[in-house]
Amino acid sequence: YQYALLNGFLEAWQQEKNVNWKNLFGFIIAIIKSDIFWTEEYAAGQYNYRNWILSLIARIINEGTRQDIHAFAPELLPQAEQVLLIIANRTNSDLKFIADILTSVLNSTLGKIYQAMMNFSLRCARVYRKDTEEKWVESIKDYFNNKLNTQDGASIELYVTVGEYLPNLLYLDKTWVVANVNKIFPKEIDALWEAAFT
């Protein structure tokens, strides 16, 4: 039911209908702060509704920040940031290879969360920091820093995302990209280097 309700909000927004984003974020935060949401066990062959909901939450934030002409109000960006950090820190990889690595990541839960984090950061930069050199939201930057600094436990989804959004990362923080280029493209770990380069 939660998935269906959230999907209704996403479809309404995509059809350019009005959405009460303040109430929507309140509902989302109530879901992801519930212990039962994170402890629910799914048997083999059963649908993983948690990952469905997490993917949908990421898509909602992505759609609400992707285009300035059709975005939720800037004063709600802190709620979006809170949601993204909670779900990014608590979501495990569910990557299944479909055809190619890019398509597989774009269809994965973490891939959708990372894409939403990037579009959220770009929206914040356009709203609050367009005249500054360093435009990246500090908490999102810290999250990416921490993940890139623990390469052995890093996910392919992260490396595909930083590779895909490299021009946007240069816009957000060129100094960071230059300083971390060997972590973004780790030569010593073929799978991660290939994921970012692809």
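Computed from a predicted structure; not experimentally measured. (Residues numbered from 1 in each chain as written. Predicted model: local features only at pLDDT ≥ 70, side-chain atom pairs only at ≥ 80, totals over all residues. Heavy atoms only, no water.)

### Quick word on the packing of helix H9 (residues 156-164) against helix H10 (residues 166-184)
Note the cut-off: Orientation is described by axes fitted as lines to C-alpha atoms, over the contacting stretch for helices, and by angles from 0 to 180 degrees between their N-to-C directions. Strands are runs of DSSP state E lasting at least two residues, helices are runs of H or I lasting at least four, and both sets are numbered from the N terminus onward. Any angle that falls under 35 degrees is termed roughly parallel, while one over 145 is termed roughly antiparallel, one within 65 to 115 roughly perpendicular, and all others oblique. Here a residue-residue contact requires only that any non-hydrogen atoms of the pair lie within 4.5 Å.
The interhelical angle for the contact between H9 and H10, taken along N-to-C directions, is 125°, at an axis separation of 10 Å. By the criterion of interaxial angle, the relationship of H9 to H10 is oblique. Residues Tyr159, Val162, Gly163 and Glu164 of H9 form the contact with H10, whose participating residues are Leu166, Pro167, Leu169, Lys183 and Ile184.

### Some words on the environment of Glu40
Here is the rule: Burial status follows relative accessibility: with a 1.4 Å probe on protein chains alone, a residue under 20% of its type maximum counts as buried, one over 50% as exposed, and anything between as partly exposed.
Checked against the element boundaries, Glu40 lands in the loop between helix H3 (35-39) and helix H4 (49-65). Assessed through its relative accessible area of 38%, Glu40 is described here as partly exposed. Residues Glu40 and Val160 lie 120 residues apart in sequence; the distance between their C-alpha atoms is 29 Å.

### Some words on the side chain of Asn62
Residue placement: Asn62 occurs in helix H4. Leaving out residues up to four positions away in the same chain, Asn62 has contacts with Gln115, Ala116 and Asn119.

### Notes on a nonpolar patch on the surface
Inclusion rule: Patch membership requires over 30% relative accessible area and the absence of a salt bridge. Like charges are linked within 9 Å, and nonpolar side chains (Val, Leu, Ile, Met, Phe, Trp, Tyr) within 5 Å. Per-residue and other accessible areas were derived by the Shrake-Rupley procedure at a 1.4 Å probe size, with only the shown protein chains allowed to occlude residues. One speaks of a salt bridge when a side-chain nitrogen belonging to Lys or Arg is within 4 Å of a carboxyl oxygen belonging to Asp or Glu.
Judged by side-chain polarity, Tyr47, Tyr49 and Trp52 come together as a nonpolar surface patch covering roughly 340 Å² of accessible area. By secondary structure assignment, the location of Tyr49 is in helix H4.

### Let's talk about the environment of Gln115
When you line up the elements, Gln115 lands in helix H7 (residues 109-128). Along the chain, Gln115 and Glu157 lie 42 residues apart, while their C-alpha atoms are 9.6 Å from each other.

### Regarding the pattern of salt bridges
If you walk through the whole model with that rule in mind, you get five salt bridges. Across the pair Arg126 and Asp68 runs a salt bridge whose closest N-O atoms are separated by 2.8 Å. One end of the pair, Arg126, is in helix H7; the other, Asp68, is in the loop between H4 and helix H5 (77-90), with 58 residues separating them in the sequence. Lys141 is the salt-bridge partner of Asp173, the closest N and O atoms lying 2.8 Å from each other. Separated by 32 residues along the polypeptide, Asp173 in helix H10 and Lys141 in helix H8 (residues 138-148) bring together distant segments of the chain.

### With respect to the environment of Tyr114
As for its placement among the helices and strands, Tyr114 is situated in helix H7. Remark: the alpha-carbon pair of Tyr114 and Pro78, spanning 36 residues in sequence, is separated by 17 Å. If we ignore the near neighbours within four places in the chain, the residues touching Tyr114 are Tyr143, Phe144, Lys147, Ser155, Glu157, Leu158 and Thr161.

### Overview of the side chain of Asn51
Residue placement: Asn51 occurs in helix H4. Of the residues examined, Asn51 reaches a relative accessible area of 13% and is grouped as buried. If near-sequence neighbours (up to four positions away) are discounted, Asn51 is found in contact with Asp94 and Thr109.

### Section: the packing of aromatic side chains
Cut-off, in case you're wondering: Only Phe, Tyr and Trp rings take part, Trp by its six-membered ring, and two of them pair if their centres are within 6.5 Å. Stacked means planes under 30 degrees apart, edge-to-face means over 60, and tilted covers everything else. In this analysis the charged atom, NZ for Lys or CZ for Arg, is taken to sit over a ring once it is within 6 Å of the ring centre and within 35 degrees of the ring normal.
All told, the structure shown has 16 aromatic pairs when counted by the stated rule. For the pair Tyr49 and Trp52, a centre-to-centre distance of 5.1 Å together with 75° between the ring planes defines the contact as edge-to-face. Residue Tyr49 and its partner Trp52 are both found in helix H4; the two are separated by three residues, about one turn of the helix. Classification of Trp52 by relative accessible area gives partly exposed; the value is 35%. Judged by centre distance (5.9 Å) and plane angle (75°), the ring pair of Tyr143 and Phe144 falls under edge-to-face. Site record: aromatic cluster; members linked through ring pairs are Tyr114, Trp136, Tyr143, Phe144 and Trp176. For Lys135, the ring lying beneath its charged end belongs to Tyr171, and the centroid distance is 4.9 Å.

### Quick word on the nonpolar core
Side chains that are nonpolar tend, in soluble globular proteins, to be buried together. Quick note on the threshold: We call a set of buried residues a nonpolar core when its members are Ala, Val, Leu, Ile, Met, Phe, Trp, Tyr or Cys and they connect through side-chain atoms within 4.5 Å of each other.
The biggest cluster of nonpolar side chains holds 64 residues, and the ones touching the most others in it are Leu6, Trp21, Ile32, Ile57, Val83, Met117 and Phe144. If you tally residues by element for this core, the top one is H7, at 10 residues. Leaving out residues up to four positions away in the same chain, Phe144 has contacts with Tyr114, Met117, Met118, Trp136, Leu158 and Val162.

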